[in-house]
Structure formats: structure tokens, C-alpha cells
Amino acid sequence: MPSPSPVVMADAIRVLSMDAVHHAKSGHQGMPMGMADVATVLWSKFLKFDASKPDWADRDRFVLSAGHGSMLLYSLLHLTGFKAVTMQEIEHFRQWGSKTPGHPEYGHTPGVETTTGPLGQGLATAVGMAMAERHLAARFGDELVDHRTWVIAGDGCLMEGVSHEAISLAARLKLNKLCVLFDDNDTTIDGEATIAETGDQQARFKAAGWAVKQVDGHDHAKIAAALRWAVKQDRPTMIACKTLISKGAGPKEGDHHSHGYSLFDKEIADARAAMGWTAPKFVIPEDIGAAWKKVGRRGGKLRRAWAERLKGSAQAAEFDRAVVKNALPDNAFTALDAHIAKMAADKVANATRVHSGAALEALVPSIPEMIGGSADLTGSNNTRTKGMTAFDAPDYAGQYVHYGVREFGMAAAMNGMALHGGVIPYSGTFMAFADYSRPAIRLGALMGIRVVHVMTHDSIGLGEDGPTHQPVEHLASLRAMPNLNVFRPADAVEAAECWRLALEAKTTPSIMALSRQKTPAVRFEAGENLSAKGAYELRAAEGGLARATIFATGTEVGIAVAARDLLQAEGVPTRVVSVPCFELFETQKPAYQKAIIGAAPVRIAVEAAVRQGWDRFIGTDGLFVGMHGFGASAPYEELYKQFGITAEAVAQAVKAKL
Ligand SMILES: Cc1ncc(C[n+]2csc(CCOP(=O)(O)OP(=O)(O)O)c2C)c(N)n1
Ligand SMILES: [Mg+2]
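A short tour of the structure in this document, coming up. (Residues numbered from 1 in each chain as written. Chains lettered and ligands numbered in written order. Predicted model: local features only at pLDDT ≥ 70, side-chain atom pairs only at ≥ 80, totals over all residues. Heavy atoms only, no water.)

This next bit is on the overall build of the protein chain. In terms of helices and strands, the protein chain carries 26 helices and 18 strands. Taken over the C-alpha trace, the protein chain has a radius of gyration of 27 Å; the compact-globule value for 658 residues is 26 Å, and the two agree within 12%. Burial analysis of the protein chain (658 residues in total) assigns 62% to the buried set. Residue pairs at least 24 apart in sequence account for 78% of intrachain contacts in the protein chain once pairs closer than 6 positions are excluded. (Helix = DSSP H or I, 4+ residues; strand = E, 2+ residues; numbered from the N terminus. Rg over C-alpha atoms; globule rule 2.2 N^0.38 Å. Buried < 20%, exposed > 50% of the residue type's maximum accessible area, 1.4 Å probe, protein only. Contact = heavy atoms within 4.5 Å.)

Printed below as a string of C-alpha cells:
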């Protein structure tokens, strides 16, 4: 049996994509049909993978940044023999419970390296994967780590602002094993791309420092030549693949109306006829299927040789722990525990960002896979520990990334690193700019990966920089996000406890909300990690049943304790509950939750932010001392006074209610 031509193999992708989308009556066949040729050349000749081992640590990473073209990826996974993606799954494209959801979802479908769909973000995530690869190659050597990251991005991805951040960061870091295949089809949903974009994408990449080439995206020989060129470059590469959207779909070829579900029965029949494709719907002719399965086995030999090298390596155990299992070292928290004990004894008042920095001093040397960074606010975020050197070309062994002023690109790159595995990324910016990184925080939460976002300057307490920089609604909006732990520690002990929880949360990203201003120590005992409960009684009521419970987080816990002292002095038994993490509180047993919320007649929360979310603790008739609008520029002591967030105000409110 002669093996089928590469064009026929690409036609298999086209037909599957047309059929699956038509069957689902939704989805996108335009992009998969247009990029079928490029993907066929990449997967059959260049991509290093073994379909039987989707988790092989040294595989190339393939990122479909233009996630709407999910049928391209599902076709490839099915055809090359990824077990999970059966023809039945293709038939159930976009249906409940299928392995083939509308957009590719990490963790849901083996072979999907990252969740994509929000345009531009796949590209930015891929930058992080390429960074992790370089770092691990520096750490473990290229006998164990030597793979590439390939991205398919469309016009939409490159219009998105985050592409700028990703492109410039990748160029600065000289990530030469990153290759972007631009689906240069000159169309988006609304029409020709020129209705909204007249820039020169190739020139843009070149200006940033990439090596750039253009190729006919339907000419297999030229595509292969371009890919051969790409792997030889000393910088990241972009190949502008000139394609026609819906290539093969007769009159719909090149027509922006064919971006999504739009082909009529007759058009599909005509397209099949033109390709000479006679097999029925959801049937792949044997020879074509066999040729594709061979592609899926192509990397097997390489993988087995790699596994042998790993077995013989002196670093096998460490590689297995950090990269394969993503497990923490046995002694990960020994130094942190000692630090907590010291902090509990020393009772030092300081900014929680400083306490976080001190916790990192205990953690980073103990957990070599931690990769820190900041979006140009290192000194403010306290994210760089003493021994850390910069992550940079040519050796990439450094553990500290200068992300530049690129909050979204940074958060997406961290996602990519965590997805790659073998590194634990954390990095910082000001909390007000969580809005800039929010789309990546969200994808990380959706994907269930371990990433730590250090967000300092977490309230009006940052003072003079004023309302542009003062988060007010951010805590509430971040707490609204599923599968995201928002930590707001009160002092050094809580800061260290929260760091431990963030590092132990393998399937949940974390926010560390940290203050610029000093705040008193409130925890004087080491031992049980009380922050793990999300909320706990920090001070009990004395002299009778509690008449009031004050709930607080972060820098306002000190205010709550001072308010309790005032109330106790006036004979009002008052308890204080510290709430470092709403989300972990929700995971506690109902009896514990009930006990913590308690039965005091007055419940009051104090947090220098909006009230939203606090009714869970204080009830709809509870009292709230916090922010009701934007902040202002002034020294922080003045701001707390002006906005009425003081111990006196809390005590006064309690007394008025009693
Ligand atoms: C951030 C974001 N905005 C909007 C969309 C909706 N959307 C999906 S595909 C698309 C058009 C993108 O054009 P292009 O990337 O050129 O894809 P093509 O039509 O060529 O397949 C849009 C606007 C999205 N998925 N993500
Ligand atoms: Mg396009």
C-alpha cells in the first residue's frame, strides 16, 4: 500500500473538522482547514512527541493559541492516536461530558497543553513554557531537557495587546526554541483583517528581535523548509504562513464568513468531492489512518532513549520529584517552620510585604524549583531573595525573572511555566494592577495550576500614590473567581503560613495580598497553621459571652485587636476573628464555620476595601467598616482616619448597635 501524500493527510484534518462542526452545528472549521497543511508538516516531521505518552517530560509543547480552531488539535490528537480522543469523542465535539469541548481545555483532554480560546493568551503562555524549558535545561542538562515550544496564532492573537508583551519578553530572553506559526489568512470574524489592522506583523516581530520568515502555508515543501530554518535560529522565530481560511471548501475558501459553523451540506459534499474524499462521515480510510498513527509513534524511540538517559542520570531522583511528579522536597518547610517560630517570639511590626519577603528567604533556598519575579517592582514587592540571580540568556540558571512592565504577559508566562512543570512560578506587582493580569489569573484558576501572584500595596494603606494605585474592589473581585485562593495575611506568622498553603495548593493558584505599610504582630504562637482554616479565632472574648465579633483581614486585624481592647476595657466581651482566606474557610466543616461566625449579637467586619462578600460572615444586618468608594492621595495614617477605618470607629459602631 503506497503511503498517502501529505496533502491527503492534511485533508483528513479538513474533513474531520468540517464534519465535526457540521454535526455539532457550532464551532469553527475555517482555521483548522486553513492551517491543516502547516500542522501536518509540523506534526509529521518536526514536533517531538509520543502519542502513547502525552505526559513525557521532554516532549515538545504545541500550543493552539487560536483556540477556536480546536478541531485542528482534536483531529491531530485523534489521528496520531492519543487514546483519549476517540472518533466517538470527535462525534461528540462540544457536547456534555466529551473530551472535545468547544475550546481546548488543559487537564480535560490529554495532549492539550494549555487551555486556549481567549485570543493572544496562548502565545503568552507558550513564552512561559519556553522559559521553563530553558531553565530546566540549565538545571538538569540538555540530555534530559531539550525540547521546543510551537505556537499557532492567528490575526486575533496578534491584535491582542498581550501579544506585544509576550513577543517583546520572548525576544529579550532570546527564547530561540520558541516558534510562532502565524495563520496569516488576513481575515477575522467581521471581515478582512484590514478593516481593523493595517500593521505589518512581520516587521513588528522583527523590530522586537525575532527571526521572521514568510511562507505559502499550503506548500508542504516550503513549510518544511521554513521549519528547518526555524530550528537553526538563535532567537525566537515567527513564520507568517499565508493561508486561506477554510482551504478546500470551494467558494467559501478565503471568505471570512466561513470562520465558524457555516458550510451547507452541498458545500461539504463538493469539498469532499474536490479532495477525492469518498469515505463516509467520521471514517478515516485505513491507509490514511495508518500513516497518521505512524506519525504518533514517531517519537517513541526518542522517548525510550530519553528514559534510558534519565535512568542512568545521577539526577534521576531529583528530576522525578521536581519535574515528573511536581512534588515538593521533603524538607521544603523546615526553614520556614523555624522562621515562623522566631516571628511568633519576636512579635515584629512590619509591612506584610516585608514579612512575605522574609518567608521567601526561608523558602527559595529550600525549594530550588521556585522561580520568582516582578513586573518592574522588585524592591516594592519583596520578591527577590538574597541569593537569587537573574534568569537570562545564555545560561538561564537564574531563578529571578525581570518581567518588565508586563503584568498580563507575566501572569500568562507563569501559567505556562506551571503547565510545563518542574518549576513553581511566583511574581509580583501592585494589587491595583491585578486587573491587568486578571485574564491570566482566571485561566490559571480554570486550569487548576500552582501559580502565586504576589500583590503588594493592597489598600489605601499605600498612601500617597493615591486612588489610581489603591485597590478597593480588587479583593472582592478576586474572591469572586472560582478556584483561586486569595490570601491576606495579618502579620509575619500568617504571611509564612499563607506561603506554605500557596505552595501546597497544587491545583489552585493563589493571590498574596500584602501591605506597603507597617502593621503590628498579632500571632504569638507557632505550631498549628491556623491560616489553613481560612478564618480562626485570634482573640477570645473575656469576662462573659461575646457581645461582639470583629472579623478582619491583613492590616485591619491590628485595628480589630485594638478595637477589641477598647471594648473589653469598657466591659464589652469581644472576640476577634482573623480571616486570611475566605476560600479555605468555605472548605471547613459546617460546625467549625458556625462556631467561628459565632452567636455574638453584634458582628462587624473591618477591611480597607468594599463590603461585597462580607455578608457571609456578618450577615445582611452586620456592620462593616471599610471603603465605600475610591481612596485618595495622602499619608496612610491620615487616610485611615479620613475614611473612618480606625479602632475607635469600630468600637463606636459596636457600642451604637448594642
Ligand atoms: C480575547 C478574545 N476576544 C474575542 C474572541 C472571539 N473570537 C474568536 S475567534 C475571533 C476572530 C479571530 O480572528 P483570527 O484569529 O484571525 O481567526 P480566523 O478567523 O482567521 O480563524 C474572535 C474575535 C476570543 N476568542 N478571544
Ligand atoms: Mg485570521
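Next comes the rest of the account.
Inspection of every chain in the model, using the stated rule, returns 38 salt bridges. With its nearest N and O atoms 3.4 Å apart, the salt bridge here joins Lys242 to Asp184. On the criterion of sequence distance, the pair formed by Lys242 in strand S5 (residues 237-242) and Asp184 in strand S3 (residues 178-184) is long-range, its members being 58 residues apart. Here Asp219 ties to Lys222 by a salt bridge, and the two come within 3.6 Å at their closest N and O atoms. The class of Lys222 is partly exposed, set by a relative accessible area of 49%. Here the salt bridges share partners, and the residues they tie into one network are Asp458, Arg479, Arg488, Glu556 and Glu607. (Salt bridge = Lys/Arg side-chain N within 4 Å of Asp/Glu carboxyl O.)

Right, let's get into the sheet that holds strand S2 (residues 149-154). Reading across the sheet, the 5 strands line up as S1-S2-S3-S5-S4 and stay open at both edges, with parallel pairing between neighbours. Edge strands, defined here as strands with exactly one partner in the open sheet, are strand S1 (61-64) and strand S4 (211-216). Pairs of neighbouring strands in the sheet enclose a mean axial angle of 20 degrees, with direction left out of account. In this sheet, S5 lies alongside S3 in parallel orientation, the contact comprising 6 bridges. Note that in S5 the partner of Leu181 across the bridge is Ile239. (Pairing = 2+ DSSP bridges. Axes fitted to C-alpha atoms, helices over the stretch in contact; angles between N-to-C directions.)

Mapped onto the fold, Gln593 is located in helix H23 (residues 590-597). We classify Gln593 as buried; its relative accessible area is 11%. Only 2.8 Å separates the side chain of Gln593 from the backbone oxygen of Phe585, close enough to count as a polar contact. Ignoring anything within four residues of it in the chain, the contact list for Gln593 reads Phe585, Glu586, Thr587, Gln588 and Arg616. (Polar contact = N/O pair within 3.5 Å; in protein donor to acceptor, adjacent residues only side chain to side chain.)

Before going further, it helps to examine the pairing of strand S9 (residues 424-430). Burial analysis of S9 places 7 of its 7 residues in the buried class, which makes it a mostly covered element. Of the strand pairs in this sheet, strand S7 (residues 370-374) and S9 are connected by 3 bridges, and their pairing is parallel. Its bridge partner lying in S9, Ile371 is registered against Pro425. Here 5 bridges tie S9 to strand S10 (residues 452-456), and the two strands are oriented parallel to one another. From the neighbouring strand, Ser427 faces S10, where its bridge partner is His453.

The next thing to look at is the pairing of S3. Of all 7 residues that make up S3, 7 are buried, and the element is covered over most of its length. What you see with S3 is no split at all: Leu178, Val180, Phe182 and Asp184 on one side and Cys179, Leu181 and Asp183 on the other are buried throughout. Of the strand pairs in this sheet, S2 and S3 are connected by 6 bridges, and their pairing is parallel. From the neighbouring strand, Ile152 faces S3, where its bridge partner is Leu181.

This brings us to the coordination of the magnesium ion (ligand 2). For the magnesium ion (ligand 2), the full set of protein donor atoms is Asp155 (OD), Asn185 (OD1) and Thr187 (O), at a range of 2.0 to 2.1 Å. On the primary sequence, the residues serving as donors to the magnesium ion (ligand 2) are separated as D-x29-N-x1-T. Here Asp155 is found in helix H6 (residues 155-159), whereas its partner Thr187 is found in the loop between S3 and helix H8 (201-208), with 32 residues between them in sequence. By relative accessible area, Thr187 is classed as buried at 8%. (Donors = N, O, S within 2.8 Å, 3.2 Å for Na, K, Ca; no water.)

When you line up the elements, His259 lands in the loop between S5 and helix H10 (265-275). Judged by its relative accessible area of 13%, His259 falls in the buried class.

Near ligand 1, the surroundings consist of 15 residues, among which His68, Gly117, Gly156, Asn185 and His259 are the closest. The separation between an oxygen atom of ligand 1 and a polar side-chain atom of His259 is 2.6 Å. Surface burial for ligand 1 is 74%, taken as the share of its 580 Å² of free accessible area covered by protein chains. A breakdown of the residues in the shell around ligand 1 according to their chemical character gives 5 nonpolar, 8 polar and 2 charged. (Near = heavy atom within 4 Å. Areas by Shrake-Rupley, 256 points an atom, 1.4 Å probe, with all protein chains shown as cover. Nonpolar A, V, L, I, M, F, W, Y, C, P; charged D, E, K, R; others polar.)

This brings us to the nonpolar core. Counting residues in hydrophobic clusters, the biggest one holds 128 residues, and the most contacted among them are Trp43, Met131, Leu181, Trp210, Ile239 and Trp292. For this core, the element with the most residues is helix H5 (residues 121-140), which contributes 11 residues. Among all residues touching Met131, those that are not within four sequence positions of it are Leu169, Leu173, Leu175, Phe391, Val401, Tyr403, Ala413 and Met417. Among the nonpolar cores identified, the runner-up in size contains 33 residues, and Met343, Ile367, Ile424 and Leu514 belong to it. (Core = buried A, V, L, I, M, F, W, Y, C linked by side-chain atoms within 4.5 Å.)

A cis amide bond links Ala393 with the next residue in sequence, Pro394, at an omega value of 5 degrees. Mapping Pro394 onto the fold places it in the loop between helix H16 (378-381) and strand S8 (400-402). If you check the backbone angles, Tyr396 has positive phi at about 60 degrees while not being a glycine. Examined against the element boundaries, Tyr396 turns out to sit in the loop between H16 and S8. Phi is positive for His457, close to 60 degrees, though the residue is something other than glycine. Tracing the chain through its elements places His457 in the loop between S10 and helix H19 (474-479).

Attention now goes to the packing of H5 against helix H13 (residues 316-324). Two elements in contact, H5 and H13, have axes separated by 12 Å at closest approach and are oriented at 165 degrees. Considered as vectors, H5 and H13 are oriented roughly antiparallel to each other. Where H5 crosses over H13, the two elements pack in a sense that is right-handed. Contacts from Leu136, Arg139 and Phe140 in H5 reach Glu318, Phe319, Arg321, Ala322 and Val323 in H13. (Parallel < 35°, antiparallel > 145°, perpendicular 65-115°, else oblique. Left-handed = near helix turned anticlockwise from the far one by under 90°.)

On to the sheet that holds strand S11 (residues 485-487). What the 6 strands build is an open sheet, ordered S8-S7-S9-S10-S12-S11; its pairing is parallel. One side of each edge strand has no neighbouring strand; the edge strands of this open sheet are S8 and S11. Direction aside, the axes of adjacent strands within the sheet are offset by 20 degrees on average. On the sheet, helix H17 (residues 407-420) packs against S7, S9 and S10 and is oriented at approximately 165 degrees with respect to S9.

Next up on the list: the environment of Leu47. Tracing the backbone through its elements, the reader meets Leu47 in the loop between helix H2 (30-46) and S1. Linking Leu47 and Val295, residues 248 residues apart in sequence, is a C-alpha distance of 9.7 Å. Beyond its immediate chain neighbours, meaning those up to four positions away, Leu47 contacts Leu42, Asp60, Phe62, Trp150 and Arg298.

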